[in-house]
Structure formats: structure tokens, C-alpha cells
Amino acid sequence: MKHIDAAGHTRGESQYVDDMPQPVGMLHAAVFTSPVAHGRIISLNLEEAVRCDGVITVLSAKDIPGENQIGALIPDELLLAEHEVHFVGEPVALVLAKSYEQAHRAVAKIQVEIDELPVVTDPRQAFESGAIIGPARTFALGDVDTAWQECAVVVDGQCEIGGQEHLYLETQRCRAIPLEDGVLRLYSSTQSPYAVQKAAARVLGVAHHKIEVDVKRLGGGFGGKEDQATAWSCLTALAAHCTGKAVELVLPRHQDMICTGKRHPYSADFRIGLNQAGKILAYDVKHYQNAGAAADLSPAVLERTLFHSTNAYFIPNVRIFGASCRTNLPPNTAFRGFGGPQGMFVIESAIAKAAEKMNKPREQIQRLNLLRDGDTFPYGQHLDDVRAERTWDEAAQSFDLNKIKQATKTYNDDHFESKKGYAVMPICFGISFTATFLNQAGALVHVYTDGSVSVSTGGIEMGQGLVTNIARIAARAFGISEKRIKVESTNTTRVANMSPSAASATTDLNGHATILAAGQITDRLKSFAANELGLTDKSRLTIVHEKLLDGNRETGWDWQKLVQTAYLNRIDLSAHGFYATPGVWFDKQKEKGNPFAYHVYGAAVFEVTLDCLRGTYEIDSAKIVHDLGRPINKLVDIGQVEGGLAQGLGWMTLEELSFDEQGRFLSNSLASYKVPDAYFMPDDLQVKFLQNVDNPAGPYGAKAVGEPPLMYGIGVFFAIRAAMRAFRPDSDLTFDAPMTPERVLLGLHEQEREVLVTKI
Ligand code: MTE
Ligand code: LUZ
Ligand code: MOS
């Protein structure tokens, strides 16, 4: 089964928010945002903007009828600035005009006078001044402080990890339609319709049921619309509320890049201790997260950094510290991996540094320390059915790691100005929202009398294939063809209180809810049919390929007859299913629990070739063994693995966020922010799935796939580093990501740095 949207996307027929026909008299909104990163607003002059052609009105904080507050975890974020601004791009006023162009022209006429205050962009500086969001957290296992004495080798180091722009193709947008009785319908490009509903109700001072949010699909989210669609949707709702007109707000790409938060940059300190054999005995790490100017989801992202700080390794003595540091950047937010990638980058750096010091191959230390059944994570969860060694060994064997190693050595012996490097990257990623209460989902299923089926869930299609997965799951649950299933838009009036589509858990949660709803309907149908057919044991009835079977015998009834007869006999053909992941919990006082339903494992092998005179490199190959359990749809999942990998490779290599000291985002367009393209991806890209594996916690044995593959990308950093060390064995290279060609060049030619910098 192909991705259901494949043809529509390719032909340009799939509809997004601004493809819907425009209601007559719809207004267009444009946002005026702060030009400075920190300051007191002295005056805001809207007069000239109001007088512009086509302008209906200009709204500011004083026009908000309810509460001027949209903070999801902590109430620290205003919808429109009042007295102070805290980052460049913070919304201050909203212009409403008859056309998009008129709205944007008027925005340029708004004048604001700001008394500037000191700007902080560095998380360590924020931490030192006590500017942290939420409490600092520490996870611990064993006793690190005494463990150092048993270590043969102890190394210290520091990492600087860059952030990442989401670059969803469809920028942030929303269309608001006023209905009767004060009700607003919002067509929002959001991963979290309920977050939008709640925040809009709060801002307008109305009940949740006055706000209806409807989402057909997103042109990508990647975490950037888990929380950050809310502000733009609330502004649109406010505009429709104040004018009584339909309103659309679409962020231009440039503004989207400047105003929205990104993956969090982190700064980290590590210390790692090993015995002579390379067994890791102790690991101590401190993470300073650059949260930006408001909490957004930062404390939750930080928590996942702590959860994944030991990646796929068992370490008996650990201390993991983390703090969300408040700076004057746009509030950073969810991005595929949700803090996990940063945690993993640091432990991989620590292992690399230890390996270099011990003169051992890095992969030898990695392999020796992989998780096994019976191990415990620093957060207390016990492990079983671990697939870390299995995926690693399968990758090492099927991709012939020994041969890669030999070939690399031979190549490097034969070449001076060009070097090769390789690296293995194991992953272990926990599946479930770490905020336990979010692990719930609902589905509303209707069977019509012609046998066709309508499924609504709380899950959002953002390109990842949710709709394709849900259709297949529903078809399987009923025993009927996928052609009979239609997955509806996601709407808060059909499924209430949904969790965001995030944490890779959307198919798991909403798939289970769909199975439960379908189960109720088939149960009723079977009871009814057993009665009609005079069978005493309804449990012998099954629906297979649209036929009703009694054990192995055909009953002569097919799906169509079953549904039609049931309807005429007044059997309810609709059901609501509800799923809550069993067995997950976490105690934040003790920092222990069982936060994840299960973990996803895998291993990737990378080879790169480096031009040591230019600093440029090519990724020759990426070869992956990944654990999907029993996939719902292999084609969709291959797309997720390859797409996640591309995004991870970009984060580690090309994608460099650049802010100046005044908090202005410099790499604010696609001319200055480079993402991987088809040519950048390795020619030799192989993805293999573990065979004959199950997952009792997933729908029909599947494992979640959305985020984990991004973290394979970390491997390429270490492959490039290995190639650099082949050129300069004794140089003291940093652990600063991304490894841009500029950084490679400066790393390779440290002595010539001064000259190079002036020339560049
Ligand atoms: N794939 C596409 N094509 N577009 C996206 O926006 N988001 C990623 C991942 N894959 C995304 C994607 C992120 S951040 C997550 S959490 C998951 O998809 C969400 O969907 P899932 O829970 O169904 O895996
Ligand atoms: N969002 C969230 C997430 O709210 N909680 C999580 O644990 C999570 N994990 C990954 C991505 N988004
Ligand atoms: Mo994904 S970061 O959970 O939206």
C-alpha cells in the first residue's frame, strides 16, 4: 500500500489551509514583531499603518478580550507584547487588510520606540545569572564520585551543539471562520489542535467548545508545530473575533525563520571514566540548554535529553544534570528527537575522546558497552528484549565493518590530501510521551450502510503517513479492504482533548484507539449475526477478506450483507475507542520510573571522504539496520528512516544557525541556511529492518519510527572527525557541531587559522 497522499502530493492536488476556496470578504493578517532582542516598549505608533490602503484595523495587546497568555507548560509567554520584548521576532501588533500585500505594506509603517536592555544569547551566561526555566534536574545511578578511582582512564571535555531550523515546506498559518453564536472554526497548520483550542479560548475568554479546530494535513511539522502553531492560530482567532470576518494569517518564509523557535542549541561538559578493557565505569555530564525567551516545551525537551544521555549504553555510575537557560532568542521548541539527539551527541563525543586517548577504535568501546537484557537505565526503567547488540552485530556483519576498516586504512595510507573516515552509530530511543498523562488517544469510527467506513482520530497527518497507517489498521481491525476506509480530517468536535501528534507515538496511540473502536462495532455485529444464524458461540465468528466465517466455514454472509442487515435491525454502527498506554509512569521527585512503553534500537555505519585542503567532504555511504518490530507499512517506514536520516545529517553538517550578539538571526533565509539536497545524500544508502521481531506494546506488533532515525545522523560527525584525525593525528579537535566545511578547514589547519580567517 502506497502513502495515501502520494498521487495527490505529486500532482499538487492535496489541499492545505490556503488551498481552500476563500470566503467572500476574507481579511488577511500580517504580524509586526520586535526588531530588538530585549527592551522596554516606550511607545507603539499604529496611526500610519491604520491609514494605509486596504487596512481595516491594527490590533495590539489591549484588544485581547481574555487573557494575554499562551504559555503551555509555564505561563510566561504573551500573545502580543505589552511592556517589554524578549526576542527579535516577538509579535507586537497585527494588521488586518483586504489583501496580503496591503497587510504587509502596512506592517512596514508601524513605529515602535524601545528602550534597549542587555541581551543574553549564551546559555551558560544565563545559567550563571540564575535565569533558568523550571528546576534544574539531575538523574543519577550508582555512585559517580567514588567510581573515578577504579577507572584506568578519565577524560573531560566540552560540546557545543547547534540548533536547527525546521524548514517545513508549509510555513505557519491559520484561517479562522466565524460561525454563529460566537463560535470560531480554525483551520490551523498545527500538530496539536487541542493546544490551539485551549489557548485560543483562553485568549478570547470563551469556553473550549466555542473553538473548533480542524486539520486536514500539514506540509511538514517536525516538531515546529507541536507548540509553535499556537501563537499564529491565536492571532488569527483574535482577528476573526474582533472583526467578525474570516481571516487568514500566513507567515512568509523569511518571517517564519526569524520569529519561530528551533531545535535547542546546547552547551555541555562531560567526564567519562573507563577501565583498561574499555568498559565505561562512570559518566558525569552537565547540559546547558539554550531555551530562548520563554518556556515553550523546553523543560520537557530537557527531560528527554536526560533520558537519552547514555544512548544505547549501560553505564553503572552516572550523574546527568540539565538546566533550561533563558536567553533572548526566540523560544526554542520540539524538533524531531526532542532533546534526545543532543544528549546522545555528548555521550558519543565522550566515547570518541576516550577512544582517542586510549588508542582504541571507537567502535570497540561502543560495542563493549551496549545495553543488554536485565540492565537498568539511569531513570530506573529495567530493560528486556533489548536489540542494541543485535542491530549492531547485524550491521557489522551484513555491511562488513572489518572490510570498511581495512579499506579506510589502505586508502589513508595511499593518499595525503584526501582521507576517509568511518563511524558506527547505535541508537536507543524511548517511545511514549515522558509526560505520562499525554499517552492517551481517542478514535471515532462510523460504518455506513454501504459498508464504507469513516475514521476520525486525534492524530495529525504531517507527511509521516499517519493516514495511510490508520487506514491499514482500521481495515485490518474490521477484516475488510483498505478501499473502504476513509480517514477524516482531525477535528476537535469529533475527538476531544487530543495529545499533540508527537513523540513518534501517533500511530501507536491513535492506531490502538482505532482498533478498540472497530472492536466494539465488530463485537456488536458478531453478536447480532450469531443470533441471526442461530450460532451459540459468537467467538467463533471472524471477518476475513470481507467474509463472515464461523471457524473455517463460510456463513454465506459478507461484510456488505452483515452491515446492511445489522442496520435494518437497529444495531449501532458507530463507536468511540479510547486508549491509554498501560504501565507507564514517572516520579519526578525520585527521578525514577517506567516512562516508556518500549525502546527503538538500530545501528548505522557511515563512510566519508574528506578533501583536507578544502575542508569539503562527501558521505560515501550510510547503511542502517533498524528495528521496526512488525511494520504496519514498510514503504512508509523506509520513507521515515531515510527522511529522518537526511534531517540528522543536515543538523550535524550543513545547517548552521547564526545569531549575532544582539540576538539577531543572521542565517535567516535559504541563501544563508543550507539544508541537505539530493546530491548531499550518500549514493550508497541502505536500510535493512530486523526480521522476525515483535513488539507486544505496538499496534499489531509495530514499533514507532518517526524520530529515532534522525539520531543516526550523529554518526557522520564522528566519521568526518575520524578522517580529520587521519590527516592530523595529534591535533586537538573540538566537539562543536555542525561540522561545516569551514569548521573542518579551521580544525585541520589550526596553525594557519589566523591567515585563513582573514582570507575567508
Ligand atoms: N515526517 C514528515 N514527512 N513530516 C513531519 O513533519 N515529523 C517527525 C516525524 N516524521 C514529520 C515526519 C516528527 S518530529 C515526529 S514526532 C513524527 O513524525 C510524528 O509522527 P508519528 O508520531 O506518526 O511518528
Ligand atoms: N513532546 C512531548 C514530545 O510533549 N513529550 C515528549 O516526550 C515528546 N517526545 C518527543 C517529541 N515530542
Ligand atoms: Mo516530534 S519533535 O515529537 O513533533
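Everything that follows concerns the structure shown earlier in this document.
No experiment lies behind these values; they were computed from the predicted model shown.

Novice: Which residues make up the packing of aromatic side chains, and what are the values?
Specialist: Going through the model one piece at a time under the given rule, you end up with 18 aromatic pairs. Between F307 and F586, the ring centres sit 5.2 Å apart and the planes meet at 70°, which makes this aromatic pair edge-to-face. Here F586 lies in strand β25 (residues 585-587) and F307 lies in helix α9 (residues 298-307), a separation of 279 residues in the sequence. Grouping aromatic residues by their ring pairs yields a cluster made of F139, F307, F377, Y379, F586 and F596. In this arrangement the basic side chain of K225 is found over the ring face of Y168, its NZ or CZ atom lying 4.5 Å from the centre.

Novice: Talk me through the nonpolar core; I want residue IDs and the actual numbers.
Specialist: I272, Y283, F345, F606, L610 and I714 are the most contacted members of the largest nonpolar core, which has 108 residues in total. Top element by residues in this core is helix α10 (residues 340-358). It accounts for 10 residues. Counting 39 residues, the second largest nonpolar core, distinct from the first, contains V31, L59, L218 and C259.

Novice: If you had to explain the sheet that holds strand β24 (residues 574-580) to someone new, which residues and values would you point to?
Specialist: Spatially, β19-β18-β17-β24 is the arrangement adopted by the 4 strands of the open sheet, whose pairing is mixed. The two strands at the open ends of the sheet, each matched to only one other strand, are β19 (485-487) and β24. The average angle at which neighbouring strand axes cross in this sheet is 20°, direction not considered. Strand direction decides the pairing type here: strand β17 (residues 440-447) and β24, joined by 7 bridges, are antiparallel. Its bridge partner lying in β24, A443 is registered against G577. Strand contacts of helix α14 (residues 466-478): β17, β18 (453-457) and β19, with the helix running at about 145° to β19, the strand carrying the most contacts. The strands touched by helix α15 (residues 506-533) within the sheet are β17, β18 and β24, with β24 carrying the most contacts at an inclination of about 140°.

Novice: How would you explain the site of ligand 2 if you had to name every residue and give the values?
Specialist: The full set of residues close to ligand 2 is E226, R304, F338, F433, T434, L438, A502, A503 and E707. Measuring from an oxygen atom of ligand 2, one finds a backbone N or O atom of T434 at 2.9 Å. One nitrogen or oxygen atom from the main chain of A503 is found 3.5 Å from a nitrogen atom belonging to ligand 2. Here ligand 2 has 290 Å² of accessible area as a free molecule, and 96% of this is covered by the chains. When grouped by side-chain class, the residues that make up the shell around ligand 2 number 5 nonpolar, 1 polar and 3 charged.

About the criteria used
Residues numbered from 1 in each chain as written. Chains lettered and ligands numbered in written order. Predicted model: local features only at pLDDT ≥ 70, side-chain atom pairs only at ≥ 80, totals over all residues. Heavy atoms only, no water. Phe/Tyr/Trp six-rings, centres within 6.5 Å; stacked < 30°, edge-to-face > 60°. Helix = DSSP H or I, 4+ residues; strand = E, 2+ residues; numbered from the N terminus. Lys NZ or Arg CZ within 6 Å of the ring centre and 35° of its normal. Core = buried A, V, L, I, M, F, W, Y, C linked by side-chain atoms within 4.5 Å. Buried < 20%, exposed > 50% of the residue type's maximum accessible area, 1.4 Å probe, protein only. Pairing = 2+ DSSP bridges. Axes fitted to C-alpha atoms, helices over the stretch in contact; angles between N-to-C directions. Contact = heavy atoms within 4.5 Å. Near = heavy atom within 4 Å. Polar contact = N/O pair within 3.5 Å; in protein donor to acceptor, adjacent residues only side chain to side chain. Areas by Shrake-Rupley, 256 points an atom, 1.4 Å probe, with all protein chains shown as cover. Nonpolar A, V, L, I, M, F, W, Y, C, P; charged D, E, K, R; others polar.

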